[in-house]
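Residues per chain, in single letters:
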Amino acid sequence: MCSKGPVDVIENPGSILQWDDADRRLLAYPCADNKVYNIMAYVPNSAAGVIDESSWSGIGSKDNLVQAFSKFSPEVQQLVGGADDSLRVFALSDIEPLPAWTSGRTALLGDAAHILQPYAGQRAAMAIEDAVSIATMLSPGTRPADVPSRLKLYEKARINRINMVRDWSAKNRPGCVPMGSPGGWWFSSAVTKLNTWRVLAQTALFMQQTFGHNERENSSKLLQQAVVRRPSLNVTGQPYPIRRRSSLWAYIIRDGQTAGA
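Just so it is clear, the structure is predicted and the values come from calculations on it, not from any experiment.

A separate point is the packing of helix α4 (residues 123-137) against helix α7 (residues 215-229). Where α4 meets α7, the closest approach of the two axes is 9 Å, and the angle between their N-to-C directions is 35 degrees. Where α4 crosses over α7, the handedness of that crossing is right-handed. Only E215, R216, S219, S220, L222 and L223 of α7 make contact with α4, whose side of the interface consists of E129, V132, S133, T136 and M137. Here the contact of α4 with α7 is built from residues that sort into four nonpolar, four polar and three charged.

Below, the discussion takes up the nonpolar core. Ranked by internal contacts, the top residues of the largest apolar core, which has 18 residues, are M137, L153 and V165. When residues of this core are traced back to their parent elements, those giving at least two are α4, α5 (147-171) and α7. The element best represented in this core is α5, accounting for seven residues. Not counting residues within four places of it along the chain, the set of residues in contact with M137 comprises T142, R150, L153, Y154, A157, S219, L222 and L223. W19, A47, L65 and V76 belong to the second-largest nonpolar core, a separate cluster that totals 16 residues.

Scanning the model with the defined rule gives eight salt bridges in all. Of the charged contacts in the structure, one is a salt bridge between R25 and D20, with a shortest N-O distance of 2.8 Å. Each of the two residues, R25 as well as D20, counts as buried. For the salt bridge of R161 with E129, the shortest nitrogen-to-oxygen distance reads 2.6 Å. With a gap of 32 residues between them, R161 in helix α5 and E129 in helix α4 connect regions that are remote in the sequence. Here the residues in one salt-bridge network are E129, D130, R158, R161 and E215, joined through shared partners.

Attention now moves to unusual backbone geometry. One non-glycine residue with positive phi stands out, namely A32, at about 50 degrees. Position of A32 among the secondary structure elements: in the loop between β3 (25-31) and β4 (36-42).

Below, the discussion takes up helix α3 (residues 74-81). Within α3, the full set of buried residues consists of V76, L79 and V80. Axial view of α3: buried residues confined to an arc of 90 degrees, hence all on one face.

Turning our eyes to something else, we now look at the environment of A47. In this structure, A47 sits in helix α1 (residues 45-48). With 23 residues separating them in the primary sequence, A47 and R24 have C-alpha atoms 9.5 Å apart. In this structure A47 touches R24, N64 and A68, once residues within four positions along its chain are discounted.

To continue, consider the confidence of the model for the protein. For any part of a model where pLDDT is low, the fine detail of the predicted coordinates should not be relied upon. Summarising the model, the protein shows a mean pLDDT of 76, and 72% of its residues fall at 70 or more. Counting interchain partners and residues more than four positions distant, the pLDDT-below-50 stretch residues 178-191 has 44 contacts. A low-confidence stretch, residues 236-261 stays under pLDDT 50, and its non-local contacts, those more than four residues away or across chains, total 49 contacts.

Cut-off values and rules
- Position labels on residues start from 1 in each chain and follow its written sequence.
- Confidence filtering applies because this is a predicted model: local features only for residues at pLDDT of at least 70, side-chain atom pairs given and counted only at 80 or more, and all residues used for totals across whole chains, interfaces and linings.
- Where side-chain values are given, they derive from all heavy atoms of the structure, hydrogens and water being excluded.
- Axis lines are fitted through C-alpha atoms, for helices just across the contact stretch, and the angle between N-to-C directions can take any value from 0 to 180 degrees.
- For helices the rule is a DSSP run of H or I covering at least 4 residues; for strands it is a run of E covering at least 2, with both sets numbered from the N terminus onward.
- We call a crossing left-handed when the near helix sits turned anticlockwise from the far one by less than a right angle, and right-handed when that turn is clockwise.
- Between two residues, a contact is recorded if the distance between any of their heavy atoms is within 4.5 Å.
- For this classification, the nonpolar set comprises Ala, Val, Leu, Ile, Met, Phe, Trp, Tyr, Cys and Pro, the charged set comprises Asp, Glu, Lys and Arg, and every other residue, Gly included, is treated as polar.
- The set of buried Ala, Val, Leu, Ile, Met, Phe, Trp, Tyr and Cys residues whose side-chain atoms join them within 4.5 Å is what this entry labels a nonpolar core.
- Classification of residues uses two cut-offs on accessible area relative to the type maximum, computed with a 1.4 Å probe and protein chains only: under 20% is buried, over 50% is exposed, and between them is partly exposed.
- A pair is scored as a salt bridge if a Lys or Arg side-chain nitrogen falls within 4 Å of a carboxyl oxygen belonging to Asp or Glu.
- By arc we mean the arc of the directions from the helix axis to the C-beta atoms, nothing more.
- Confidence of the predictor in every single residue is expressed as pLDDT, which spans 0 to 100.

What follows is the structure, encoded as structure tokens:
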């Protein structure tokens, strides 16, 4: 859904805002050069109303949305109250991981290979990294006979990282983040210092693992190791440069909130 026009609660138009309670979450972030705010509301099925689980474009009820967040802060109620009527609702479901992503010269990537819940915000990013891995494994000069084994290497290169993101997403779902009050911030004053530091440490680790990762480098290393064991793979040179970047993240606590630097 979208919220149009100025909303007082949004002081910094470039910010991503999030409010949590035990079983629901509201996430708001800017789109269209800060002219429109996209709002994602995660609520129990009972609060969403009737959902057609076969559709990605079911029509949502604004009344249900407002009611679902009626116990949140006035700022949150203002935000959901400013939403237009173009609401879309769909169910979030878990499926068992596939036993394999590749078969012969065919490979799946992205959601087709490993559907993830949205709570880590990494679904599109993982699909892009999958594509980088496949491009690395199938570099120019790859022989057709080597394609099946190269695709198996792609799956091997990606599986642990996908599992890491899946685990983090499960830890970050509504109800798993310690809260002080309905609709409060993650790091509200009511949260104990111990829980605050625990969440900070987990978040910092995930940020380091996520943004410090170089899939081109990871897949290239695995491919080179495979060549040492099996020289017939006949790896060509690296057609794409490896760009290294810092994996250091600093978190500064100010008035119970955090800022990444």
